[in-house]
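# Per-entry structural report
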Amino acid sequence: MKFDKTILNAFGQIETPFYYYDTALLGQTFDAARQASLQIPNTTVHFAVKSNANPRVLQYVRDAGFGADCVSGGEIELCIKAGISADKIMFAGVGKTDKEIMLAISNDILCFNVESLEELDIINQLAGQMDKTVNVALRINPNIDAHTHEYITTGLEDNKFGIALDDMLKAVKHAINLPNVNYYGLHFHIGSQILNYNSFRILSSRINKIQDALEAAGIQTCSINVGGGLGIDYDKPQDNPLPDFNKYFATFKKYLRLRPNQVIHCELGRALSAQWGSLITRTIFVKRTRTKRFAIVDAGFTELIRPALYQAHHKIINLSATDKKRHRYDVVGPICESTDTFGTDELLPTVERGHLLAILSAGAYGEVMASQYNCRPLVKAYCTEDIIKQSGH
Ligand code: LLP
């Protein structure tokens, strides 16, 4: 993420707080992912829209040729509006309503990622009423510990997600026998912010075993979806702006035993969207107490909830610094809750009232998770081209 003079000058004219999306870095990230995915033939990268549903961003997703991984009717509608072709849209989630299922069916999306037998029956019934046959992939819970934060782990037996391994064969056979669904494939997702590639290796071997068991029962699977979850460097985002997509795809290439003509899907969110987004906020006061310096900024957890919700840390930089001297600051928001803290004892060049700070790696699960708590307006987001236009360059 780079902030050149033109951008910094333009920032001065925009009401804070706001999101800034560096579209040059977005382009590099999408290119790197696309290139790396070519290692495995027949791979489609689906952008996990839950990580960033900004309409402009979805247009970039469309232009990159990616598909979309949606978890609500609202996300499906946004993707279609952005021009992402329906046959590249997958619909996942444990609690799809009838209305959402019908919306997806009527748009002829690529497939449903189904999380239970109960859901499978309802999709079949609704598709029947609409005189359609729809693709289903069954989400199997592979019971793998992805060694990530407990709030964002999803592949363990006790999680609400997916169909248990023990029920898998029964579920697949059931899907094959239903008249209005077509058994398309298997879906997995073991968690988020995974930096230990061993977890993807274990997932691959678990998938191999599952495929062997299905083949032994005479069942062929057309598609394997390995989910998302690739993590990013929150500590040094400026040194490592691009996730190691090559290693990610190479791991599956090496360990996943694909059958001839099988298609592969992955649904990356954070890895595709985190590093090109920053939350830009202005310092309202610098308050000094006996023991602390507080930089009180105009963004709060209403704009970026990750620190409050997951004890996540995003790197913070002072964009207006004129002084080489550095001090330790607690960078806090204006909301009346102690969790409204972006960083404790952050070492920053002297912060003064009016200084702009950038909270980095905020493109994923930032704007989309914003709220209006305390009657605060929803945060706006600007891409590089909006900023340049705004500044009259
Ligand atoms: N596929 C499924 C089925 C998922 O549940 C998720 C994320 C993804 C793909 C995309 O995962 P990613 O590649 O972004 O790791 N709000 C949390 C993250 C929640 C992730 C939920 N599922 C955070 O800010 O860390």
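Residues numbered from 1 in each chain as written. Predicted model: local features only at pLDDT ≥ 70, side-chain atom pairs only at ≥ 80, totals over all residues. Heavy atoms only, no water.

### Considerations on the domain arrangement of the chain
The condition is simple: Note that the domain bounds were set by an automatic or database domain assignment. Once two parts are brought into contact, the accessible area they lose, counted with a 1.4 Å probe and summed over both, makes up the buried area. Within this document, salt bridges are pairs made up of a side-chain nitrogen of Lys or Arg and a carboxyl oxygen of Asp or Glu, the two lying within 4 Å of each other.
Structurally, the chain comprises domain 1 (23–273) and domain 2 (277–391). One C-alpha centre belongs to domain 1, the other to domain 2, and the line joining them spans 33 Å. Of the roughly 1,700 Å² buried at the junction of domain 1 and domain 2 (both faces included), carbon and sulfur atoms supply 49%. Its largest share of buried area at the contact with domain 2, domain 1 owes to Thr23, Arg56 and Tyr234, together 29% of the area lost on that side. Along the contact surface separating domain 1 from domain 2 lie 2 salt bridges.

### Examining the side chain of Gln262
Convention followed: What counts as a helix is a DSSP run of H or I of at least four residues, what counts as a strand is a run of E of at least two, and both are numbered from the N terminus. The buried label goes to any residue with under 20% of its type's maximum accessible area, the exposed label to any with over 50%, and the partly exposed label to all in between, with areas taken from a 1.4 Å probe on protein chains only. The definition of a polar contact used here is a pair of N or O atoms within 3.5 Å, where within protein one atom must be able to donate a hydrogen and the other to accept one, and adjacent residues in sequence count solely through side-chain atom pairs.
Note on placement: Gln262 falls in the loop between helix H9 (245–255) and strand S10 (263–268). You can call Gln262 buried: its relative accessible area is 4%. Engagement of the side chain of Gln262 in a polar contact is seen with the side chain of Gln211, the distance being 2.8 Å.

### Digging into the pattern of salt bridges
On inspection of all chains with the given rule, the structure shows 14 salt bridges. Salt-bridge contacts for Asp63 lead to Arg62; the nearest nitrogen and oxygen are separated by 2.9 Å. Given the relative accessible area of 33%, Arg62 is considered partly exposed. Residue Glu303 pairs with Arg376 through a salt bridge whose shortest N-O separation is 2.9 Å.

### Observations concerning the side chain of Arg139
Relative to the elements of secondary structure, Arg139 occurs in strand S6 (residues 134–141). Looking at Arg139, its side chain comes within polar contact range of the main-chain oxygen of His189, at 3.4 Å.

### Describing the site of the ligand
Our working rule: Here a residue is considered near a molecule or strand provided that any single heavy atom belonging to it is located within 4 Å of it. Only the protein chains shown count as covering a residue, and every accessible area follows the Shrake-Rupley method with a 1.4 Å probe. The residue classification treats Ala, Val, Leu, Ile, Met, Phe, Trp, Tyr, Cys and Pro as nonpolar and Asp, Glu, Lys and Arg as charged. All others, Gly included, are polar.
In the vicinity of the ligand there are 18 residues, among which Ser192, Glu267, Arg306, Tyr310 and Tyr365 approach most closely. Here a nitrogen atom of the ligand sits 3.5 Å away from a polar atom, N or O, in the side chain of His189. Contact with the protein chains removes 91% of the 590 Å² of surface that the ligand exposes when unbound. For the shell around the ligand, the elements supplying multiple residues, two or more each, are S10 and helix H11 (306–310). Tallied by class, residues from the shell around the ligand come to 6 nonpolar, 6 polar and 6 charged. Residue-level mapping places the shell around the ligand at the junction of two domains, with at least three residues from each of domain 1 (23–273) and domain 2 (277–391).

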